[in-house]
Number of protein chains: 4
Amino acid sequence: MNEQPAPEDTRSLPRVGQLPPGPRNSISDVGDVRVGHLTLAEGAIQTGVTVVAPHGGDPFIDKVPAAVSVINGFGKSVGLVQLEELGVLETPIALTNTFAVGTVAQAQIRAALEAHPRIGREWPTVNPLVLECNDGYLNDIRALAVCEEHYGMALAARSTDVAQGSVGAGRGMSAFDLKGGIGTASRRAGKFTVGALVLANFGRLPMLILDGDPVGRVLAAAESSSEPEQGSIIMLLATDAPLDARQLRRLARRAGAGLARTGSHYGHGSGDIVVAFSTAYTIPQAPSAPMPSLAMLHESRLDPLFAAAAEATEQAIVNALWHAEPVGGRDGNSRRSLRQALAQIAGKT
Amino acid sequence: MNEQPAPEDTRSLPRVGQLPPGPRNSISDVGDVRVGHLTLAEGAIQTGVTVVAPHGGDPFIDKVPAAVSVINGFGKSVGLVQLEELGVLETPIALTNTFAVGTVAQAQIRAALEAHPRIGREWPTVNPLVLECNDGYLNDIRALAVCEEHYGMALAARSTDVAQGSVGAGRGMSAFDLKGGIGTASRRAGKFTVGALVLANFGRLPMLILDGDPVGRVLAAAESSSEPEQGSIIMLLATDAPLDARQLRRLARRAGAGLARTGSHYGHGSGDIVVAFSTAYTIPQAPSAPMPSLAMLHESRLDPLFAAAAEATEQAIVNALWHAEPVGGRDGNSRRSLRQALAQIAGKT
Amino acid sequence: MNEQPAPEDTRSLPRVGQLPPGPRNSISDVGDVRVGHLTLAEGAIQTGVTVVAPHGGDPFIDKVPAAVSVINGFGKSVGLVQLEELGVLETPIALTNTFAVGTVAQAQIRAALEAHPRIGREWPTVNPLVLECNDGYLNDIRALAVCEEHYGMALAARSTDVAQGSVGAGRGMSAFDLKGGIGTASRRAGKFTVGALVLANFGRLPMLILDGDPVGRVLAAAESSSEPEQGSIIMLLATDAPLDARQLRRLARRAGAGLARTGSHYGHGSGDIVVAFSTAYTIPQAPSAPMPSLAMLHESRLDPLFAAAAEATEQAIVNALWHAEPVGGRDGNSRRSLRQALAQIAGKT
Amino acid sequence: MNEQPAPEDTRSLPRVGQLPPGPRNSISDVGDVRVGHLTLAEGAIQTGVTVVAPHGGDPFIDKVPAAVSVINGFGKSVGLVQLEELGVLETPIALTNTFAVGTVAQAQIRAALEAHPRIGREWPTVNPLVLECNDGYLNDIRALAVCEEHYGMALAARSTDVAQGSVGAGRGMSAFDLKGGIGTASRRAGKFTVGALVLANFGRLPMLILDGDPVGRVLAAAESSSEPEQGSIIMLLATDAPLDARQLRRLARRAGAGLARTGSHYGHGSGDIVVAFSTAYTIPQAPSAPMPSLAMLHESRLDPLFAAAAEATEQAIVNALWHAEPVGGRDGNSRRSLRQALAQIAGKT
C-alpha cells in the first residue's frame with residue numbers, strides 16, 4: 001500500500017488562461033522586483049511579513065508609478081489614500097496580519113528616517129504602505145507577535161526566487177477553508193509582462209473553482225463548516241509596460257476578474273484590495289531632478305495587459321493554494337492543504 | 001440525415017452557481033419589476049430599446065433607492081452622475097444603442113414633462129437614465145434609427161414575461177463573436193431575491209466560459225477573427241432586500257464577479273456598467289411627504305445577496321447567449337447563435 | 001440729479017486673488033482655446049448653447065488630456081463617465097440648459113459621424129460631452145427650444161474674444177437671485193496659465209461674497225425671496241501646463257475653492273461640476289500614431305497652478321455677474337444685474 | 001506706555017457666516033460628543049494626541065454612521081478605506097502627528113482587544129481610525145515621542161469642554177505661518193446642529209482670510225518666508241440629524257467650502273481630509289440585534305446642514321488660530337499667534 005504513488009501526484013498544478021507565463025512565472029519576472037519573507041511559526045504564533053521591493057534602489061528617492069483598486073474595502077491597509085492621490089509608491093510594499101499593520105508602518109517610517117535625515121525636516125514625510133489579511137483562525141493574532149524588526153528582516157531576505165504558500169505574511173492565512181497564503185505568477189502580453197503576487201485568505205470551500213472546475217462543491221460535500229468568513233485577499237500587480245497612474249488603476253481593477261474566476265464573489269467580510277505598479281520608469285523625489293519623458297502606452301494597447309492581469313491573478317491564487325503546506329496553529333485549529341484535499345477525493349475513487 | 005435530432009438538442013441550458021432561482025428566473029421575480037422591448041429589425045437596421053420599470057407607479061414621484069458601479073467606464077450612459085450623488089432612480093431604466101442615448105433621454109424628459117407640469121418650473125428637473133452598448137457590427141448605427149416614440153412603445157410593452165436574446169436593445173448586439181443581447185435571471189438568497197438583466201455585447205470567442213467550461217477556445221480553434229472588440233455590457237440588478245444606496249453600490253460591484261466568470265477581463269473597449277436598485281421601499285419626491293422608516297439590512301447579512309448578484313449576472317449572460325437567435329444586418333454582417341456554434345462542434349464529433 | 005454719474009460707476013470690477021491675469025483675462029489665454037455662443041432671446045425663450053473648443057483641430061483625432069471633479073452631482077451632464085475612465089476629451093465641450101443635453105449630444109454625435117465615416121464602423125463611437133444648468137426661472141425650459149443646429153452655430157462662432165454674461169448657455173441663468181451666466185478669467189502661475197470659464201446659475205442673494213465682502217447680506221436685507229434653489233455651476237479649466245489626467249483631476253478639484261469664496265456651500269440642488277484639460281499635448285486616436293513623449297510637471301510644482309485654478313474660478317464667477325445684463329423671461333420673471341443691485345445700494349447711501 | 005491696553009484687545013474673535021452657533025459653539029454641542037487631549041510640550045517635543053468620542057458607549061458595539069471626504073489625499077491617515085466601504089465608525093477618532101499614526105492605531109487595537117476578548121477570534125477585527133498632520137516645524141517629529149499610552153490618556157480626559165489652540169494633537173501645528181492647532185465650532189440649522197473640530201496645520205501667511213478680510217496679505221507684507229508648505233488639515237463634522245452614510249459623505253464635502261474661505265486652495269502638500277458622523281442612531285455590531293428603524297432626512301432638507309457644515313468648519317479654523325498660544329520648539333523654531341500678529345499691525349498704525 002505504501003508502495004503506491006501518493007494520490008496527490010495524479011493531479012498537476014493547473015495552468016489557467018491562455019497567455020504564456022514569464023520565465024519564473026512570478027512577479028519577479030517584472031523589472032527588478034524582489035520579494036522577501038519573514039515567517040513566524042511556533043505554536044500558536046503562525047504569521048509573518050512579506051515585502052515586495054519594486055526596484056533595487058530606494059523608492060523614496062525614485063518613486064514608482066502606482067495605483068490602487070479597492071474591490072471591497074473591508075480592510076485596514078495603510079497608505080492607500082496618498083497612493084490614490086499622488087499615484088506613486090515611495091516604500092516597498094509590506095504585507096502582514098491585520099493587527100501588525102501599525103507596527104510594520106512604524107518600521108517603514110523608522111527605516112525611511114534612518115536613510116534620510118531630511119525627512120520630517122525640510123523634506124515631506126514618508127507614506128508607509130502596508131496591506132493585511134486576518135490570519136486569526138490559525139494565528140493567535142491577539143498576541144501581536146510581529147515586531148518592527150521583522151519588517152527589515154523580510155526586506156533583507158528579498159530575492160527573485162519567491163517562496164510560495166505558507167510563508168511570510170501567508171503563514172497563517174486560510175483560503176476556501178484550506179491552507180492559503182502567498183502565491184505568485186506572471187503572464188506575457190506581447191513584449192510586456194504582468195506579474196501578480198497575492199496574499200490569499202478568502203473564500204469558503206464550496207466556492208472553490210480550479211481553472212473552471214467547481215471542485216469546491218465536491219470537496220465540501222462530505223463536510224459541514226460554519227465559521228463566518230473573515231477573509232481577505234491582497235493582490236499586487238507589477239508590469240514593465242510604461243503606464244501612468246490612471247492606466248495602472250485600470251489594470252488593477254482587472255485583478256478582480258481573476259479573483260472571481262476562483263469562486264470569489266467579493267464577500268462582505270473580505271478586504272479585496274489591489275495595488276498595481278509599473279517598473280518602466282521612476283519619478284524623482286527632488287523637484288529639481290528632471291522628470292522622465294517617455295511615451296505612455298496608447299490606451300487601445302492596454303487590452304492584452306488587462307487579460308494578463310486577470311490570468312496572472314487567478315494563477316497566483318491557484319499557486320498559493322497549490323504550494324501551501326498544511327499548518328496547525330492556535331487552539332488546535334489547523335488547515336489541510338489543497339493537495340491533501342484533492343488526494344482525499346482521489347483516494348476515494 | 002434530416003431524420004436525426006438537431007445537434008443543439010444534445011446540450012441543455014447551463015444552470016450556473018449554487019443558489020436557487022426565483023419562479024421566473026428573471027428580474028421580474030423581484031417586486032413589481034417589469035420589462036418592455038421595442039425591436040427594430042429590417043435590413044441594416046437591427047436595434048431597439050429595452051425599458052425596465054422598477055415598480056408600477058411613477059418613479060419620479062416615488063423614487064427608488066439605487067446605485068451604480070462603473071467597472072469600466074468606456075461608455076456613454078446618461079444619468080449616472082446624479083444617480084451616484086443622490087442614490088435614487090427617478091425614471092424607468094432605458095437601454096439602447098450608443099448613438100440613441102440622447103434621443104431616448106429626450107424621450108424620458110418629454111414623458112416626465114407631460115406627466116408633471118411643475119417639472120422645470122417650481123419642481124426640479126428630471127434625471128433621465130439611459131445605458132447603452134454599441135451594436136454597430138450588425139446595426140447601421142450611423143443611421144440613427146431609434147426615435148423618441150420608441151421609448152414610449154417599449155415602456156408600454158412592459159411585462160413580467162421577459163423576452164430574451166435578440167430583442168429590444170439586444171437586437172443588434174454581439175457577444176463573444178456570437179449573437180448577444182438581452183438575458184435575465186434571478187437567484188434566491190434566504191428570504192430575498194436578486195434579479196439581473198443584462199445587455200450583453202462584449203467579448204471575443206476564445207474567451208467564452210460556459211459555467212466553468214472554456215468552450216470558447218474550442219469554438220474558436222477553427223476560426224480566425226480580428227475585428228477589434230468594441231463591446232460593452234450593461235448589468236441591472238434588482239432586489240427586494242431593504243438596502244440603502246451605499247449597500248446597493250456594494251451589491252452592484254458583485255455583478256463584476258459574475259461577468260468575469262463568463263470570460264470577461266473587463267476589456268479596455270467595453271463599457272461595463274452596473275446599476276442596482278431595491279424595490280423594498282420608495283423615497284417621496286415631495287419633501288413634505290413622510291420618509292420611509294424601515295430598518296436596512298444588517299451589513300453582515302449582505303453576503304448571500306452578494307453571491308446571488310454574482311450568480312444571477314453570470315446566468316443572465318449565459319441566458320442572453322442561449323436565447324439569442326442568429327441575426328443578419330448591415331453590409332452582410334451576421335452573427336450565429338451560441339446554440340448553432342455548439343451544434344457545429346457536436347456535429348463534428 | 002441726472003447730472004450725477006450713474007451710481008454703478010462708483011464701484012469697479014473686483015479683481016480677486018493675488019496672481020496676475022493673462023493678457024485677455026480669459027480662458028482663451030490658454031493655448032488655442034476658443035469659445036463660441038449661440039443665444040436664443042425672444043420672449044419666454046431665454047437660453048442658448050456655448051461651446052469651448054480645446055484646440056484648432058479635431059479633438060476626436062487629436063484627443064485632449066482631461067479630467068472631471070464632481071463637487072455635487074445633482075446634474076444631468078453627458079460624457080463624464082468615459083472622461084473619467086480614459087482621461088481625454090474627444091469633442092468640444094458644450095454647455096446648455098438641462099433639457100437640451102440630449103439634443104446637443106445628438107448634435108455632437110452627428111457632427112462626428114459627418115466628419116468621420118469610420119466612426120461606428122471600424123472605429124469606436126464618439127463620447128459627446130455636454131454640461132448643463134437649469135435656466136427654468138427665466139427660460140421656458142419646458143419648450144425644449146434648443147435644436148441640434150444650434151450646437152454647430154455656437155461652434156462656428158468660436159473666437160478668442162469671449163463674450164460674457166447673458167450670452168450663449170448663460171442667457172437664462174441666474175446666480176444669487178441676480179442675473180448670472182457666462183464668465184471667464186485667467187491667472188498666470190509662473191510660466192503657465194490657468195484659464196476658467198463658468199456657467200453660473202447658483203446661489204441665493206444673502207450668500208453672495210464679492211472678493212471677501214459679504215455684500216449679499218446687505219443686498220438681501222430689504223428683500224424676501226423664497227424660491228427653492230435649483231441652481232448649478234459648470235466650471236471649465238484649461239491650462240498649458242503638461243499635466244496628465246490624474247494631475248488634471250487634482251487641478252479640477254481646486255475650482256471648488258474658488259466657488260466657495262463667492263459664497264457657495266455646494267448647495268444640495270446645485271450640480272457643481274468641473275472639467276479640466278491641458279493644451280500642452282494631444283493623444284492620437286490612431287493606435288499606430290506615436291504617443292507624445294513629454295515630461296509631465298513634477299507633482300510638487302502643481303501648487304501655483306492650484307492657486308491659479310481657485311483664483312481664476314472665483315474671478316470668472318465675479319465676471320459672470322459683473323457682465324450679465326438684466327434679462328426678462330417667461331411668465332414675467334426677470335433678473336436684475338449685480339451692477340443694478342449695487343447701484344441701488346449706492347443710491348441709498 | 002505699559003498703561004495702554006494690549007493692542008490685541010482692539011479686535012475681537014470674528015464670528016463667520018450667518019447661522020447661529022450652538023450653546024458651546026463646539027462639536028460637543030452635538031449629541032454626547034466628547035473631546036480629550038494629551039499634550040506633550042517639553043523642549044523639542046511639541047506634539048500630542050486628541051480623541052473625539054462620538055458617544056458615551058463603546059463604538060465597536062454601537063457603531064456610528066459615518067463617511068469620509070478626501071479633498072486632497074496627501075495624507076497618511078489610517079482607517080478610511082473601511083470607513084468608506086462600510087459607512088461606520090467603530091472606534092473613537094484619534095488625531096496625532098504623522099509619524100505617530102501607527103502607534104496610536106496599535107493603541108486603538110490594543111484597547112479593543114482588551115475590551116473584547118472575541119475580537120480576532122470569532123468576531124471580526126477592529127478598524128482603527130487615526131488622522132494626522134505633520135507638526136515637524138515645531139516638533140521633533142523624528143523623535144517619535146508619542147507612545148501607545150498617550151491615546152488612552154487623551155481618551156480618559158474627554159469632556160464637553162473642549163480646549164482649543166496649542167493643545168493635544170494641535171500642540172505643534174502651524175497654520176498660515178502662525179501657530180495653528182485645534183479649533184471647534186458649531187452651527188444650528190433648524191432643529192439640528194452641525195459641529196466641527198479641526199486640526200489646522202496648513203496655509204502660508206499671505207493666503208489668510210479672516211471672515212472675508214484678506215488680512216494675510218497685510219501681515220505678510222513685511223516678511224519673507226520660504227519654507228515649502230507641508231501642511232494639512234483634518235476636519236471632523238458631527239451632526240444630530242438622522243443621515244445615512246451617503247448623506248454624510250455629502251455633508252463632509254461641504255467642509256471644503258469653509259476651508260476655502262480661510263484662504264486655502266487645497267495645497268498640493270496639504271492632506272485635507274474630512275470625516276463626518278451622525279449621533280442620531282447607532283448600528284449594532286451583533287447581526288442578531290435589531291437594526292435601527294428610523295426615517296432618514298429627506299434629501300432636499302440637507303441644504304441648511306450643508307451651510308452649517310461650511311460655516312462651522314470656517315469658524316473652527318478661525319478659532320484654532322485665535323486660541324492658539326505661541327509655541328517654541330525644535331532647533332529654535334517658533335510660531336507666534338494670530339493675535340500677536342494682529343497686535344503688531346495694530347501697534348504700527
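Residues numbered from 1 in each chain as written. Chains lettered and ligands numbered in written order. Predicted model: local features only at pLDDT ≥ 70, side-chain atom pairs only at ≥ 80, totals over all residues. Heavy atoms only, no water.

**Student:** It is not clear to me how the packing of aromatic side chains should be interpreted in this structure. Could you clarify?
**Tutor:** For any two aromatic rings, the description comes down to two numbers: the centre-to-centre distance and the angle of the planes. Evaluation of the coordinates by the stated rule reveals eight aromatic pairs over all chains. Seen in terms of ring centroids, A:Phe176 and A:Phe202 are 4.9 Å apart; in terms of plane orientation they differ by 65°. Their pairing is edge-to-face. One end of the pair, A:Phe176, is in the loop between β7 (174–175) and β8 (178–179); the other, A:Phe202, is in the loop between β10 (192–201) and α4 (215–221), with 26 residues separating them in the sequence. For the pair A:Phe176 and A:Phe202, one class covers both residues: buried. Taking the ring centre of B:Phe60 as reference, the NZ or CZ of B:Lys63 above it sits at 4.0 Å. The residue whose ring lies beneath D:Arg254 is D:Phe306, and the NZ or CZ to ring-centre distance is 3.9 Å. (Phe/Tyr/Trp six-rings, centres within 6.5 Å; stacked < 30°, edge-to-face > 60°. Helix = DSSP H or I, 4+ residues; strand = E, 2+ residues; numbered from the N terminus. Buried < 20%, exposed > 50% of the residue type's maximum accessible area, 1.4 Å probe, protein only. Lys NZ or Arg CZ within 6 Å of the ring centre and 35° of its normal.)

**Student:** What should I look at first to understand the sheet that holds strand β5 (residues 93–97) of chain D in this one?
**Tutor:** Pairing between the strands of a sheet comes from backbone hydrogen bonds, and it takes one of two forms, parallel or antiparallel. Residues and elements named next belong to chain D. One open sheet holds the four strands; their spatial order is β1-β2-β5-β6, and the pairing between them is mixed. With one partner strand each, in any of the chains shown, β1 (34–42) and β6 (130–133) form the two edges of the open sheet. In this sheet, neighbouring strand axes are inclined to one another by 15° on average, regardless of whether the strands run parallel or antiparallel. In terms of strand pairing, β5 meets β6 through four bridges, oriented parallel. What sits directly across from Leu-95, in β6, is Leu-131. (Pairing = 2+ DSSP bridges. Axes fitted to C-alpha atoms, helices over the stretch in contact; angles between N-to-C directions.)

**Student:** Can you help me understand the interface of chain C and chain B in this one?
**Tutor:** How large an interface is tends to be reported as the accessible area lost when its parts come together. Counting from both sides, the interface comprises 48 residues of chain C and, opposite them, 48 residues of chain B. Buried area between chain C and chain B, summed over both chains or domains, comes out near 3800 Å², and the portion from carbon and sulfur atoms is 56%. It is C:Phe99, C:Arg121 and C:Arg142 that lose the most area in chain C upon contact with chain B, and together they represent 20% of the buried surface on that side. For the pair chain C and chain B, the number of links is two salt bridges. A salt bridge links B:Asp140 to C:Arg121, with the shortest nitrogen-to-oxygen separation between them at 2.9 Å. Along the contact surface separating chain C from chain B lie 26 residue pairs in polar contact (both at pLDDT 80 or more). Counting only elements with at least two residues in the side of chain C that touches chain B, the list comes to β3 (62–72), α1 (80–86) and α2 (101–115) of chain C. Here the residues of the side of chain C that touches chain B sort into 21 nonpolar, 17 polar and 10 charged. (Contact = heavy atoms within 4.5 Å. Buried area = accessible area lost by both parts, 1.4 Å probe. Salt bridge = Lys/Arg side-chain N within 4 Å of Asp/Glu carboxyl O. Polar contact = N/O pair within 3.5 Å; in protein donor to acceptor, adjacent residues only side chain to side chain. Nonpolar A, V, L, I, M, F, W, Y, C, P; charged D, E, K, R; others polar.)

**Student:** Can you walk me through the confidence of the model for chain A in this structure?
**Tutor:** For any part of a model where pLDDT is low, the fine detail of the predicted coordinates should not be relied upon. Residues and elements named next belong to chain A. Of all residues in chain A, 94% have pLDDT values of 70 or greater, and the mean over the chain is 93. In the model, residues 1–9 has pLDDT below 50 throughout and makes four contacts with residues more than four positions away in sequence or in other chains. The ipTM assigned to the predicted complex is 0.95, against a pTM of 0.96. (pLDDT = per-residue confidence, 0-100.)

**Student:** Quick question: what am I supposed to make of the relation of the copies chain C and chain B here?
**Tutor:** Relating one copy of the chain to the other takes a rotation about an axis and a shift parallel to that axis. Placing chain C over chain B gives an RMSD of 0.0 Å and needs a rotation angle of 180°, together with 0.0 Å of translation along the axis. On the angle and the small slide along the axis, the relation comes out as a two-fold axis. Residues of chain C ranked by C-alpha distance from the rotation axis are headed by C:Gly102, positioned 1.9 Å from it. The share of interface residues of chain C whose copies in chain B are also at the interface is 100%, consistent with both copies meeting through the same surface. (Least-squares fit on C-alpha atoms with pLDDT ≥ 70 in both.)

**Student:** What is the right way to read the pattern of salt bridges from this model?
**Tutor:** A side chain with one charge may pair with a side chain of the opposite charge, provided their charged atoms come close. Scanning all chains against the criterion turns up 48 salt bridges over all chains. The salt bridge partner of A:Arg110 is A:Glu148, with a shortest N-O separation of 2.7 Å. Of this pair, A:Arg110 sits in helix α2 (residues 101–115) while A:Glu148 is found in helix α3 (residues 148–156), placing the two residues 38 residues apart along the sequence. Among the residues examined, A:Glu148 registers a relative accessible area of 24% and is labelled partly exposed. Its salt-bridge partner being C:Arg24, residue C:Asp29 comes within 3.8 Å of it at the nearest N-O pair. Look at the salt bridges and you will find they share partners, linking A:Glu85, C:Arg246, C:Arg250, C:Arg253 and C:Glu299 into a network.

**Student:** Sorry if this is basic, but what is going on with the relation of the copies chain B and chain D here?
**Tutor:** Rotating chain B by 180° and moving it 0.0 Å along the rotation axis overlays it on chain D with an RMSD of 0.0 Å. A shared interface surface links the copies, since 100% of the contact residues of chain B are contact residues in chain D too.

**Student:** Help me understand unusual backbone geometry, please; the structure alone is not making it clear to me.
**Tutor:** Leave glycine aside and you will find that most residues have negative phi; peptide bonds, for their part, are mostly trans. Of note in this structure, A:Tyr266 is not a glycine but carries a positive phi near 60°. Checked against the element boundaries, A:Tyr266 lands in the loop between α5 (245–261) and β12 (271–278).

**Student:** Just checking my understanding: could you explain the packing of helix α2 (residues 101–115) of chain B against α2(C) for this structure?
**Tutor:** Each packed pair of helices is defined by two parameters, the angle between the axes and the distance between the axes. Taken N-terminus to C-terminus, the directions of α2(B) and α2(C) make an angle of 165°; their axes are 8 Å apart at the nearest point. The pairing of α2(B) with α2(C) is recorded here as roughly antiparallel in orientation. The interaxial crossing formed by α2(B) with α2(C) has left-handed handedness. For the pair α2(B) and α2(C), contact is made by B:Val101, B:Gly102, B:Thr103 and B:Gln106 and by C:Val101, C:Gly102, C:Thr103 and C:Gln106, respectively. Here the contact of α2(B) with α2(C) is built from residues that sort into two nonpolar, six polar and no charged. (Parallel < 35°, antiparallel > 145°, perpendicular 65-115°, else oblique. Left-handed = near helix turned anticlockwise from the far one by under 90°.)

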